[in-house]
Amino acid sequence: MAEYSISSANLNAIESGLRKINNNLGTLNNNIEVIDKHVDNVNSNVKVVYDEVGALAREFRDFVQLQVKANALSKAQQRIIQIRQEMEKRFGHYDIVRRTTTGILQADDIGIVKKDTIGNATEELMISTPGYWLAPCLVALAAWINDQPELAERALKEGIKRNDEKTSLFFALICRRADRKSAALKWTQRYLANQDEENLDRKTVIILDAFASGLLGADSEGVISRQMGEWLQHLADKPGFVEQQTKQWSAAINLKRKTFASNNYTYLSKYSKTWPVLQDIMEGAMLHAEILGYFTAIFEQEESSDSLKAQLDEILNNLVTEFDDEEIPLRKEEKFNQFVIDFDGDEDRARKNMAIEQTAFEVHKDFTQLLTDAAMKPESSNASVSTQKFAIALSKEWVSNAYNDVIAQNRMKIPNEIQINVDTFNDKTTDGENEDELIGKFNSLVDSEKQNALANVTLSGFEKFCLYGGAAIGAIGLIMLIAGSMFLGLIAIIASVGLVIKHFSKKKNVEQTRQNIVAQFEEKRKKGSQIIRATLAEVVDFRAEFAEKDGESQKVIDFLEQISPEQYVRKLSDSRRRIKVQ
């Protein structure tokens, strides 16, 4: 009886212990489930963090780019101020001489300044600006007004010594202003005799300006038109002339391109690797309206109704006030920094534009480059509207050839297929009309990726074994208990319970994970389909907008066809001329 009591007591204790163990295992299982959920949450959070880090990296790159541009913009604004201060310091005294030129002419016209005063003023300028070509020219002008031929002769020689070309130009215009046509012709001939059509002085645009404005008179027109004809003929005889003109005018035309923003194509710019090409060709298509507007604005401007003297004074002012050769380095730097400001700190684009614009700053250039710069870069070349009209009309064959080349080059870049890149989906569309096909392919990809992801979320071999292995070990434990091996039997039963719990816990986690995977891929399917549809819609809009803007090119071609040089050389009442340089 005593052994039986002990045995019963021990069994009660054992049962109590097993219940506690079972409760603890249950608690442990719950804790494991909580941990598993935490692990899943951590995995989800890690994915979110990765996504946020990627987005943050993109935002940081955008911020850095914007900051770089902002810094470049600020630097350019400050540098322009410094450049202008430096020009004022180094060349500001030239301005006094320049302003005095038209002042002397106008004072002499109305006769309210003593001739001695004019003479004294020019002599003071001669002393205060040593080496400047215009100072002795003003002394000669004052001596001419004061009827002092010997002084005028000496001053003229000094002016020619300092700068023969500019002095000749200056007195050609002065003589024409005084209605001394024969003297104006001689000075013009002197200037042209010193020119080489392949290495023209940049100031030759002044002669073009006066000629195109109809201000030089009938005799000089014959000289200039013949000279231009000879220049063009000599240049045209050079090998590769046509190709050079096409390249030269194409570069000048492309200088008018404007940046195309992606505001109306938010999906296409984000979900197509073809976007940089699309952006480039749209800028090329937008160029047609820009060029048409540019040419139209030039040719629709009315001719000046000012008097002959007023117009000559304006051209004289251009001659004397436009920067001299020694100012060119600072002027070029000023222009570059102005481009940086115009393009909101984009230095790369500023450099590209400056590479084209810099021909306007060259001291010498060939005649056709002079025409190109006068037509397309008037701010830098200091060409009047009359000169722009004449330069475009005279060059219209080259302009047309270059413009057709620009059109062809842009159209050659039009992609037949546009990429669609949404997450891991990469495909193509031609016109945005294959929506069903792309959505079907996208759904197939999502299904395939989902199945691959689900295939990786299964119970491991050990986790599967836990159920059957746990049951087997439990049975063995019971047998051992019955057989009297209490300690080993209990251990076996505890192990079996743990294995079974682990199996069902892992199985539950697997099911939850698979449900999460299915939900994630369905969300990807939904959002991806929406993105693809929106991107395809923008492809349709882009193609339509491009076709519309590209069609503007014919208007430019038609515009160029109807102009000719004869139309844009002004006729004066004392001049019945026809130029023969086309």
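Up top is the structure these notes are about.
To keep things clear, this report deals only with the structure shown in the data block. Everything quoted here is computed from the prediction, not taken from an experiment.

About the criteria used
Residues numbered from 1 in each chain as written. Predicted model: local features only at pLDDT ≥ 70, side-chain atom pairs only at ≥ 80, totals over all residues. Heavy atoms only, no water. Core = buried A, V, L, I, M, F, W, Y, C linked by side-chain atoms within 4.5 Å. Buried < 20%, exposed > 50% of the residue type's maximum accessible area, 1.4 Å probe, protein only. Helix = DSSP H or I, 4+ residues; strand = E, 2+ residues; numbered from the N terminus. Salt bridge = Lys/Arg side-chain N within 4 Å of Asp/Glu carboxyl O. Axes fitted to C-alpha atoms, helices over the stretch in contact; angles between N-to-C directions. Parallel < 35°, antiparallel > 145°, perpendicular 65-115°, else oblique. Left-handed = near helix turned anticlockwise from the far one by under 90°. Contact = heavy atoms within 4.5 Å. Nonpolar A, V, L, I, M, F, W, Y, C, P; charged D, E, K, R; others polar. Expected span 1.5 Å × (residues − 1). Arc of directions from axis to C-beta. Pairing = 2+ DSSP bridges. Phe/Tyr/Trp six-rings, centres within 6.5 Å; stacked < 30°, edge-to-face > 60°. Lys NZ or Arg CZ within 6 Å of the ring centre and 35° of its normal.

## Digging into the nonpolar core
Core analysis: the largest hydrophobic core is formed by 83 residues, its most contacted members being Phe-170, Leu-173, Phe-295, Phe-367 and Met-376. Per-element accounting of this core gives the leading share, eight residues, to helix H3 (residues 134-145).

## Brief notes about the pattern of salt bridges
Tallying each qualifying case throughout the model produces 22 salt bridges. Of the charged contacts in the structure, one is a salt bridge between Asp-280 and Lys-413, with a shortest N-O distance of 2.5 Å. Placement of Asp-280 in helix H11 (residues 275-299) and of Lys-413 in the loop between helix H18 (396-412) and strand S3 (418-422) is noted, with a sequence separation of 133 residues between them. On the basis of relative accessibility, which here comes to 37%, the residue Lys-413 falls in the partly exposed class. Linking Glu-435 and Arg-533 is a salt bridge whose minimum nitrogen-to-oxygen distance equals 3.2 Å. Placement of the pair is Glu-435 in helix H19 (residues 435-455) and Arg-533 in helix H21 (residues 486-550), with a sequence separation of 98 residues. Exposure remark for Glu-435: the relative accessible area of 28% places this residue in the partly exposed category.

## Side note on the packing of helix H9 (residues 241-254) against H18
Interaxial distance between H9 and H18 falls to 8 Å at its minimum, and their mutual angle equals 65°. The orientation of H9 relative to H18 falls into the category roughly perpendicular. Judged by the twist between their axes, the crossing of H9 over H18 is right-handed. Of H18, the residues touching H9 (which contributes Phe-241, Gln-245, Thr-246, Trp-249, Ser-250, Ile-253 and Asn-254) are Trp-398, Val-399, Asn-401, Ala-402, Tyr-403, Asp-405 and Val-406. Taken together, the residues of the contact of H9 with H18 sort by class into eight nonpolar, five polar and one charged.

## Focus: helix H2 (residues 115-128)
The α-helix advances 3.6 residues per turn, and as a result positions three or four apart in sequence lie on the same side. Relative to the 20 Å expected for 14 residues at 1.5 Å per residue, H2 spans 20 Å between its end C-alpha atoms, a close match to the ideal helical length. Of the residues making up H2, those classed as buried are Ile-118, Gly-119, Thr-122 and Leu-125. On an axial view of H2, the arc spanned by its buried residues comes to 125°, and they lie on one face. Turned more than 90 degrees from where H2 packs its buried face, Asp-116, Glu-124 and Ile-127 sit exposed.

## Topic: helix H6 (residues 181-193)
Compared with the 18 Å implied by 1.5 Å per residue over 13 residues, the 18 Å span of H6 between its first and last C-alpha is a close match. For H6, every residue scored as buried is listed here: Ala-184, Leu-185, Trp-187, Thr-188, Tyr-191 and Leu-192. Down the axis, H6 shows its buried residues gathered within 165° of arc, on one side only. Residues of H6 that are exposed and point more than 90 degrees away from the buried face comprise Lys-186 and Ala-193.

## Focus: the side chain of Ser-395
Relative to the elements of secondary structure, Ser-395 occurs in the loop between helix H17 (385-394) and H18. Since its relative accessible area comes to 0%, Ser-395 is described here as buried. Non-local contacts of Ser-395, meaning those with residues more than four positions away in its chain, are made with Trp-249 and Leu-371.

## So, the pairing of S3
Counting buried positions along S3 gives four out of five residues, so the element sits mostly inside the fold. Inspection of the sheet shows S3 paired to strand S4 (residues 425-429) by five bridges, in the antiparallel sense. What sits directly across from Asn-421, in S4, is Asn-426. Connecting S3 to the next strand, S4, in antiparallel fashion are two residues, including Asp-423 with a positive phi near 55°.

## A word on the packing of aromatic side chains
The description of two aromatic rings rests on the distance between their centres and on the angle between their planes. Inspection of the entire model under this criterion finds 17 aromatic pairs. When the centroid spacing of 6.1 Å and the interplanar angle of 50° are considered together, the rings of Phe-260 and Tyr-265 count as tilted. Residue classification places Phe-260 among the buried positions, given a relative accessible area of 8%. With relative accessibility at 2%, the residue Tyr-265 sits in the buried group. One aromatic cluster is present, formed by Tyr-132, Trp-133, Phe-170, Phe-171 and Trp-187 through successive ring pairs. Positioned above the aromatic ring of Phe-339, the side-chain terminus of Lys-335 is 5.1 Å from the ring centre. One Lys or Arg, Arg-349, reaches over the ring of Phe-343 and ends 4.5 Å from the middle of that ring.

## Regarding unusual backbone geometry
Of note in this structure, Asp-147 is not a glycine but carries a positive phi near 60°. Position of Asp-147 among the secondary structure elements: in the loop between H3 and helix H4 (149-162). The phi dihedral of Asp-344 falls on the positive side, at around 55°, and the residue is not glycine.

## Quick notes on the side chain of Thr-246
Within the fold, Thr-246 resides in helix H9. The buried category is assigned to Thr-246, whose relative accessible area is 17%. Not counting the four nearest positions on each side in its chain, Thr-246 is found in contact with Asn-401, Ala-402 and Asp-405.

## A word on the packing of H9 against helix H15 (residues 367-376)
To characterise two packed helices, one gives the angle between the axes of the helices and the distance between these axes. Running from N to C, H9 and H15 cross one another at 20°; their axes reach a closest spacing of 10 Å. In terms of orientation, H9 and H15 fall into the roughly parallel class. H9 and H15 meet at a crossing whose hand is right-handed. Of the residues in H15, those in contact with Phe-241, Gln-245, Gln-248, Trp-249, Ala-252 and Ile-253 of H9 are Thr-368, Gln-369, Leu-371, Thr-372, Ala-375 and Met-376. Of the residues contributing to the contact of H9 with H15, the split by class is seven nonpolar, five polar and no charged.

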